[in-house]
Amino acid sequence: MSEQGSNEKGGVTRWLDLLVSARHLHGASGNRRRLFNRFDEIFASPVDWATLVWSPKTIGVPSPFRFKRIHLHNWKVFDQADFDLASELDRPVALIGGNNGNGKTSILEALALGIYGIRAHLDRSRFGRENSDPSNPKRSDYNETIERAMHRQAFERGDRDMSVSIKLDTEDGPFEIERRWYFGDDGSFVEEDEELVLRIGEDRHILSPPNDVPSADFAFFEIERRVAPVSLLPFLLFDGEQIRRLAQSELGEQVRFGIESALGVATIRALLQDLSDYARDRGKDVIADGAEAALSSQIEALSVELTSTRRALDSVESELDPLRRRRDEIVKSIGSVGDGTYQERHSDLELRKKLETDLQTARHDLLVAGVRLLPFLLMPASLLDQVERALEAAAHSTNLSKGEDVRMLRELISALETTQPPLPAKTLADMARRTEEAWKISIGAFREAPTNPIHGYLKGHDARRVHDLIEESRSSARREIDKMTRRIADVTAAIAHMDQQEEQRERAEKDRRELVQELDGATGRIADLEAQRRHLDQAAGKLLGQIEPLQQDLTRRKGLRRSIGHGGTGADAARTLINALHESIRSAMPKHYDELAIALTEAYRSLAHKGVVETVTIAEDGNVSLLDSAGRNLRETDASAGENQIFAMALIAAVSSLGGRSLPLVIDTPLGRLDTAHRERVLDYFVRRESQTILLSQPEEVYGQYYEQISHRIGSEYRLLYRSEGGGLGETIVEKGYFLRKAA
Amino acid sequence: MNQTSSALQIGDIARADFRTSFAADSENSRIQKSLSLPFRYQPARLALSLSLRILSQPSPIPDSGGRSIKGDTLFGQDEADLTLWIALIVQHGGQSGLSRRAFQDLVAAHWARGMEIFSHLISGVTTIEEAFTCLLKETHSIEA
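Residues numbered from 1 in each chain as written. Chains lettered and ligands numbered in written order. Predicted model: local features only at pLDDT ≥ 70, side-chain atom pairs only at ≥ 80, totals over all residues.

Colleague: Looking at this structure, how should I read the overall build of chain B?
Modeller: In terms of regular secondary structure, chain B is built from seven helices and two strands. The 144 residues of chain B split such that 46% are buried. Taking the contacts inside chain B whose residues are at least 6 apart along the sequence as the reference set, 80% of them involve residues at least 24 apart. (Helix = DSSP H or I, 4+ residues; strand = E, 2+ residues; numbered from the N terminus. Buried ≥ 20, exposed ≤ 12 C-beta atoms within 10 Å, placed from the backbone. Contact = placed C-beta atoms within 7 Å.)

Colleague: Help me out: how do you make sense of the packing of helix 10 (residues 251–263) of chain A against helix 21 (residues 644–657) of chain A in this one?
Modeller: A pair of packed helices can be characterised by two numbers: the angle between their axes and the separation between those axes. All names here are of chain A. Viewed as axis vectors pointing N to C, helix 10 and helix 21 meet at an angle of 20°, and their least axial separation amounts to 10 Å. Taken together, helix 10 and helix 21 sit at an angle that is classed as roughly parallel. Note that helix 10 runs across helix 21; the crossing there is right-handed. Each of Leu251, Gln254, Val255, Gly258, Ser261 and Ala262 in helix 10 lies in contact with helix 21, whose residues at this interface are Phe647, Ala648, Leu651 and Val655. Its residues assigned to classes, the contact of helix 10 with helix 21 comprises seven nonpolar, three polar and no charged. (Axes fitted to C-alpha atoms, helices over the stretch in contact; angles between N-to-C directions. Parallel < 35°, antiparallel > 145°, perpendicular 65-115°, else oblique. Left-handed = near helix turned anticlockwise from the far one by under 90°. Nonpolar A, V, L, I, M, F, W, Y, C, P; charged D, E, K, R; others polar.)

Colleague: What exactly am I supposed to notice about the sheet that holds strand 13 (residues 714–724) of chain A here?
Modeller: Two modes of strand pairing occur in sheets, parallel and antiparallel, and in both the strands are linked by backbone hydrogen bonds. All names here are of chain A. The mixed open sheet is built from six strands, whose spatial order is 8-11-12-3-13-14. Only two strands of the sheet have a single partner each, and these edge strands are strand 8 (237–239) and strand 14 (730–736). With direction set aside, neighbouring strand axes in the sheet form an average angle of 20°. Here strand 11 (residues 665–668) runs beside strand 12 (residues 693–697); their pairing, made up of four bridges, is parallel. From the neighbouring strand, Val666 faces strand 12, where its bridge partner is Ile694. (Pairing = 2+ DSSP bridges.)

Colleague: Hey, could you run me through the nonpolar core in this one?
Modeller: For soluble globular proteins, nonpolar side chains are generally found buried alongside one another. All names here are of chain A. Ala574, Leu596, Leu600, Tyr604, Ala650 and Ala654 are the most contacted members of the largest nonpolar core, which has 124 residues in total. With ten residues, helix 21 is the largest single contributor of residues to this core. In this structure Ala650 touches Leu600, Ala603, Tyr604 and Leu607, once residues within four positions along its chain are discounted. (Core = buried A, V, L, I, M, F, W, Y, C linked by C-beta atoms within 7 Å.)

Colleague: Hey, could you run me through the sheet that holds strand 4 (residues 161–170) of chain A in this one?
Modeller: Residues and elements named next belong to chain A. Within the open sheet, the six strands sit side by side as 2-1-4-5-6-7. Their pairing is antiparallel. One side of each edge strand has no neighbouring strand; the edge strands of this open sheet are strand 2 (80–84) and strand 7 (205–206). On the sheet, helix 7 (residues 215–226) packs against strand 4, strand 5 (173–182) and strand 6 (194–200) and is oriented at approximately 45° with respect to strand 6.

Colleague: It is not clear to me how the confidence of the model for chain A should be interpreted in this structure. Could you clarify?
Modeller: Detail in the predicted coordinates should be disregarded across regions flagged by low pLDDT. On average, chain A scores 81 in pLDDT, and the residues at 70 or more come to 85%. Every residue in residues 1–10 of chain A is under pLDDT 50, and counting partners more than four places away or in other chains gives 23 contacts. (pLDDT = per-residue confidence, 0-100.)

Colleague: Looking at this structure, I do not really get the pairing of strand 1 (residues 66–73) of chain A. What am I missing?
Modeller: It is a general feature of regular strands that their side chains alternate between the two faces of the sheet. Residues and elements named next belong to chain A. Where strand 1 meets strand 4, seven bridges bridge the pair, whose relative direction is antiparallel. Residue His71 lies in a different strand from strand 4, and its bridge partner there is Ser165. Note: strand 1 against strand 2, five bridges, orientation antiparallel. Paired with Ile70 across the strands is Phe83, a residue of strand 2. With antiparallel pairing between neighbouring strands as the criterion, strand 1 and strand 2 make up a hairpin whose turn holds six residues, including Asn74 at a positive phi of roughly 60°.

Colleague: Could you clarify how one ought to interpret the packing of helix 2 (residues 33–43) of chain A against helix 18 (residues 570–588) of chain A in this entry?
Modeller: Residue and element names in this part refer to chain A. At a minimum axis distance of 9 Å, the contact between helix 2 and helix 18 shows a crossing angle of 85°. Taken together, the axes of helix 2 and helix 18 lie roughly perpendicular to each other. Along its contact with helix 2, which presents Phe39, Asp40 and Phe43, the element helix 18 presents Gly570, Ala573 and Ala574. A per-class count over the contact of helix 2 with helix 18 returns four nonpolar, one polar and one charged.

Colleague: Explanation requested: the environment of Gln57 of chain B in the structure shown.
Modeller: Residue and element names in this part refer to chain B. By secondary structure assignment, the location of Gln57 is in the loop between helix 3 (41–52) and strand 2 (69–70). According to the C-beta neighbour criterion, Gln57 is partly exposed, with 15 such atoms within 10 Å. Placed 37 residues apart in sequence, Gln57 and Gly94 show a C-alpha to C-alpha distance of 9.8 Å.

Colleague: Would you take a moment to explain the interface of chain A and chain B for this structure?
Modeller: Listed per partner, the contact involves 29 residues of chain A and 33 residues of chain B. Of all elements in the fold, only helix 13 (342–378), helix 14 (381–401) and helix 17 (463–565) of chain A reach the threshold of two or more residues within the side of chain A that touches chain B. At nine residues, helix 13 of chain A tops the list of elements feeding residues into the side of chain A that touches chain B. Classifying every residue of the side of chain A that touches chain B gives 21 nonpolar, six polar and two charged.

Colleague: Just to check I follow, could you spell out unusual backbone geometry for this structure?
Modeller: With glycine set apart, most residues show a phi of negative sign, and most peptide bonds adopt trans. Going from Gln420 of chain A to Pro421 of chain A, the amide bond is cis rather than trans, its omega being -10°. Residue position: Pro421 of chain A is located in the loop between helix 15 (404–417) and helix 16 (425–448). Although it is not a glycine, Arg204 of chain A adopts a positive phi angle of roughly 55°. Relative to the helices and strands, Arg204 of chain A is located in the loop between strand 6 and strand 7. Of the residues examined, Arg204 of chain A has 13 C-beta atoms within 10 Å and is grouped as partly exposed. A positive phi angle is found at Ser36 of chain B, which is not glycine, with a value near 55°.

See the structure below:
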């Protein structure tokens with residue numbers, strides 16, 4: 001069972017164990033009667049409650065462990081998800097990338113609730129991320145959380161169970177936590193429908209509780225012993241939001257929170273709260289005096305102010321969330337509205353210019369050819385035929401008129417004289433005579449068809465050439481003009497296509513400009529709202545800081561008065577025990593300040609961009625000093641000293657490394673709010689650790705140089721991809737490998 | 001213009017000035033500008049072609065107010081081109097013993113008539129390819 005006070009003598013610690021156990025058994029239900037009845041029984045025992053001392057667990061009890069495999073079934077956006085995180089020792093970083101809403105935080109929650117179940121929910125500190133009232137966690141809230149976690153599509157197709165299975169490598173060997181939740185047909189979940197199986201060793205032997213120990217307590221004890229106390233949860237699994245909340249507290253308060261978590265004080269503080277409620281419940285007959293009334297009214301007034309501040313905070317948050325979503329959408333859209341590279345645009349312009357030149361050339365060619373050839377298509381064929389014939393005749397007439405006919409006849413007769421064997425002279429003379437007669441008849445026919453007198457101007461000109469011109473022009477006109485017209489149509493179409501493309505590009509560019517403008521507006525508004533939220537957060541923190549001591553004073557006064565006026569009741573015993581436990585905590589805490597200060601110094605110096613802080617010290621009263629090399633406290637001279645967010649990260653790193661245990665860290669969106677210089681240092685610090693670091697990152701967060709910086713330490717990579725299935729429902733699938741743009 | 005009644009000679013035609021009416025010449029300039037044609041002879045030759053497709057003779061022009069254009073510019077510097085145009089116009093006229101002056105008048109009348117047809121056909125057209133398409137449609141109607 002729990003180790004609370006296990007080193008105490010005299011057996012009184014057993015009573016503390018009983019009280020803690022009662023709280024775990026009955027404390028989470030809305031009705032506290034059972035818990036208070038159990039307290040009645042315990043406080044009825046004859047024990048000197050003033051001697052009961054709480055002693056913290058020894059720092060360093062949790063042993064180093066690593067997540068080996070995580071399997072999610074029907075968990076939130078995941079239908080099935082399997083992350084094999086086993087890797088070599090020198091590659092302890094697992095990188096899981098996903099856009100907002102794709103399931104990174106679901107993984108973080110699966111780990112918290114998978115390992116600790118309702119305890120993760122009940123023991124959430126005031127720095128936790130739950131929306132419900134952190135001071136009064138209820139089982140019903142846990143049930144609702146589980147009901148909401150069931151994968152919608154799976155439920156709709158008939159599945160009624162959901163599970164998270166986590167395999168770990170611990171110092172005691174393999175350890176497996178499998179938690180399964182079952183649902184009714186109306187989607188409801190009740191406590192009994194949760195099943196937890198723990199397995200150990202290579203043969204996955206199921207771990208069973210001894211007969212006299214309730215199985216839930218046993219399982220919880222085993223998990224805390226083998227993994228880490230639930231109080232360390234905020235230092236194992238955290239996101240940027242958690243760091244922000246932590247960073248808004250004063251450094252001393254952050255340190256106190258760190259120490260309390262490391263020592264497991266949260267469990268005792270929760271018990272103290274229950275005991276205080278119990279004492280008040282059992283001592284209702286006592287009437288408060290005037291001082292108590294004044295304190296109560298002060299607390300009341302501050303609480304009203306706190307409520308209104310929180311309401312304002314809620315309103316800011318509710319405006320911020322959709323704005324951030326819109327901003328992310330715009331960023332995504334801007335990425336998809338590409339406007340082409342400079343090179344592409346340049347070559348398009350060149351091409352456009354060339355087409356223009358081609359068009360001009362083609363038009364010029366068409367013009368020249370058209371003016372030359374169109375007349376032969378426009379003029380009637382009859383006219384062209386007549387002219388063609390007239391030119392043909394004129395060409396012949398020209399030949400005859402030049403005496404060509406006489407020369408040709410002479411050549412013909414000479415040819416007859418050279419026949420072999422030679423013809424007799426008489427025969428030859430006869431043939432020559434006959435040839436001449438036939439020739440004259442032929443030529444005579446031409447002479448009878450002289451050049452048309454209307455074309456007398458052709459005389460002495462080369463009519464043959466003109467004839468050839470008309471003949472050639474008539475035959476080629478249609479073909480030539482059609483060819484050129486087609487060429488113009490082609491070039492014109494190409495230009496129109498390019499213009500269309502250009503128009504589309506301009507439209508896309510316009511859309512892009514509008515999106516950029518909207519993004520500017522959204523970013524500005526987000527910055528304003530974040531500033532408002534910071535302001536309201538600080539105001540709420542301040543109010544809480546004012547209420548707490550008043551509340552303590554009121555409790556102390558009531559306790560004091562009741563112990564004087566009434567003796568021997570459970571309320572008195574509880575009040576006595578409360579004082580004893582407060583004193584135990586007060587005296588135990590400072591003993592561990594030095595160790596934390598050393599770890600904090602190392603972590604802070606590694607993480608902080610400004611290297612002026614030499615040492616972090618924690619005084620007895622919990623006050624934190626940041627000393628420079630000359631021993632001056634920088635917090636007294638420089639208001640900005642401390643860089644709260646970096647201090648919060650350093651605290652997380654320091655707490656998780658106390659006692660040299662170096663626990664694994666699961667960090668959701670680790671760099672989101674950091675500037676460039678801090679990004680590099682923070683990444684460097686977390687990946688240099690020997691223990692495992694699981695980074696749940698947005699693609700825009702760890703990429704390029706940041707990815708290169710840590711790649712040598714990465715042992716496994718996954719990316720979460722959202723797949724929409726229509727109707728607004730979708731799911732995330734897990735693929736191996738990080739986003740491609742990592743190399744960009 | 002050198003006006004004589006001697007017989008038609010190709011050399012004379014090449015050197016002679018041709019002009020049409022003021023209105024037809026203005027239309028010639030307007031079409032040249034609207035279709036971005038570099039030379040005046042270009043719309044003129046198309047106009048002559050359009051007039052020659054009509055069998056009847058064109059009416060004489062009311063005035064000779066248009067600007068002049070040399071024969072070898074209007075019909076082409078190559079002698080074959082020039083001669084062919086003369087042959088086409090003369091053949092269409094069907095008159096023998098046509099004097100140079102009568103030929104000039106005939107050209108002026110064809111130019112004016114053709115320009116009117118041209119102007120009507122390409123009304124509203126702004127590019128040379130559109131203009132040619134309109135004219136080719138006209139040739140189809142002729143062939144039909």
